[in-house]
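One letter stands for each residue in the lines below.
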Amino acid sequence: MNDSNLCHSILACPICKEPLIQYSSVLRCNRNHCFDRAKQGYWNLLVVQQKKSKDPGDNPEMVSSRREFLDLDYYLPLADAIGTVLSQQLRNKSGATILDMGCGEGYYTSQWQQSLAAQHFWGLDISKHAIKEATRRNQDITWLVASGANMPVADQSLDVLTVIFSRLMPQPFAKVLKDKALLILVWPTTQHLIQLKQVMYDDIKESQYNPSADLEPLFSVISQQLLEFDFNIDTESALLNLLKMTPHGQKINHQKKLSLVTNLPIKLTFSVNIGCFSKTAAS
Ligand SMILES: C[S@@+](CC[C@H](N)C(=O)[O-])C[C@H]1O[C@@H](n2cnc3c(N)ncnc32)[C@H](O)[C@@H]1O
Ligand SMILES: [Zn+2]
């Protein structure tokens, strides 16, 4: 019996795809696959067979650096821009199901939930360290440790999928979205943090990356906008956290890091594309 009467209607077993029903602090499918809620309140639905490493996704140092950096709100304009897209797309609608894939420590997901409290937000990341931080940040979101390649949600159950600086996986994305539902993608342009790249690399390649080609025919483009602005970093801790939260920054050698730190403050450019795509009905 479903003793808590709480049914996570969109949740599907990551092993057999049957619906998952919540019994107090356990989720169970009718084939008896069980998943306990972590004491922090998130659900770990990442099955061992789907892990490519013992501890996949961002490591604790990257997660805490990202949290500390994002909490300075330099990237708030991105959260706001997507919040605006969400409220335009979901106007007159409440109870929409929005999943943030690769949500990290939940800065953006949490900003949107606070401004659009009538909608249901889900955050999913393969890193349990990230999801632990996210759970601490906001208890009004259902947080999942899971793989974006095998999301533990029913087919055609989502109204919106957001993918911010995270991996593009067209087929798994199309599977979980309803027909004509919205995919919001954010990807950096060559200009993004160009001042750091100039210090790190001798040769910076111009990126022509455009996800539309990879998304076709499963998705069609609705709109694309460039969000670009400059911001100044004047503390060593903010700069080091920004470096540590990205794989590129983690590789920077000591001498280059020193030259950046001794030349503070530094003006940096934030530059991303925000793409809105619609799932094509037949996919
Ligand atoms: C660059 S971070 C972006 C985090 C967040 N969206 C943000 O912008 O602050 C990429 C995130 O994707 C997660 N990730 C990597 N591979 C993943 C996968 N296969 N499924 C789900 N999450 C994944 C990482 O753990 C990390 O938290
Ligand atoms: Zn199952």
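Since the structure is predicted, the reported quantities are computational estimates derived from the model, not experimental observations.

Turning next to the packing of helix 2 (residues 76–89) against helix 3 (residues 107–115). For any two helices packed against each other, the geometry comes down to the angle between their axes and how far apart the axes lie. The geometry of helix 2 relative to helix 3 is characterised by a closest axis approach of 10 Å and an angle of 45 degrees between their N-to-C directions. The angle between helix 2 and helix 3 places the two elements in the oblique class. Here helix 2 runs over helix 3; the crossing is right-handed. Together, Ala79, Ile82, Gly83 and Leu86 of helix 2 and Tyr108, Gln111, Trp112 and Ser115 of helix 3 make up the contact between the two elements. Along the lines of polarity and charge, the residues of the contact of helix 2 with helix 3 split into five nonpolar, three polar and no charged.

Every buried residue belonging to helix 1 (residues 60–70) is among Met62, Val63, Ser65, Arg66, Arg67, Phe69 and Leu70, and all of these are buried. Against helix 3, helix 4 (128–137) and helix 8 (236–244) lie the buried residues of helix 1.

The next point concerns the site of ligand 1. Near ligand 1, the surroundings consist of 18 residues, among which Gly57, Gly102, Gly104, Ser127 and Gly148 are the closest. When grouped by side-chain class, the residues that make up the shell around ligand 1 number seven nonpolar, seven polar and four charged.

Every α-helix winds through 3.6 residues per turn, so residues three or four apart in the chain are directed the same way. Counting buried positions along helix 4 yields eight of ten residues, so the element is predominantly enclosed. Taken together, the buried positions of helix 4 are occupied by Lys128, His129, Ala130, Ile131, Glu133, Ala134, Thr135 and Arg137. Close packing links the buried residues of helix 4 with strand 4 (43–44), helix 1, helix 3, strand 6 (120–125) and strand 7 (142–145).

The rules behind the values
- Residues numbered from 1 in each chain as written.
- Chains lettered and ligands numbered in written order.
- Predicted model: local features only at pLDDT ≥ 70, side-chain atom pairs only at ≥ 80, totals over all residues.
- Axes fitted to C-alpha atoms, helices over the stretch in contact; angles between N-to-C directions.
- Helix = DSSP H or I, 4+ residues; strand = E, 2+ residues; numbered from the N terminus.
- Parallel < 35°, antiparallel > 145°, perpendicular 65-115°, else oblique.
- Left-handed = near helix turned anticlockwise from the far one by under 90°.
- Contact = placed C-beta atoms within 7 Å.
- Nonpolar A, V, L, I, M, F, W, Y, C, P; charged D, E, K, R; others polar.
- Buried ≥ 20, exposed ≤ 12 C-beta atoms within 10 Å, placed from the backbone.
- Near = placed C-beta within 6 Å.

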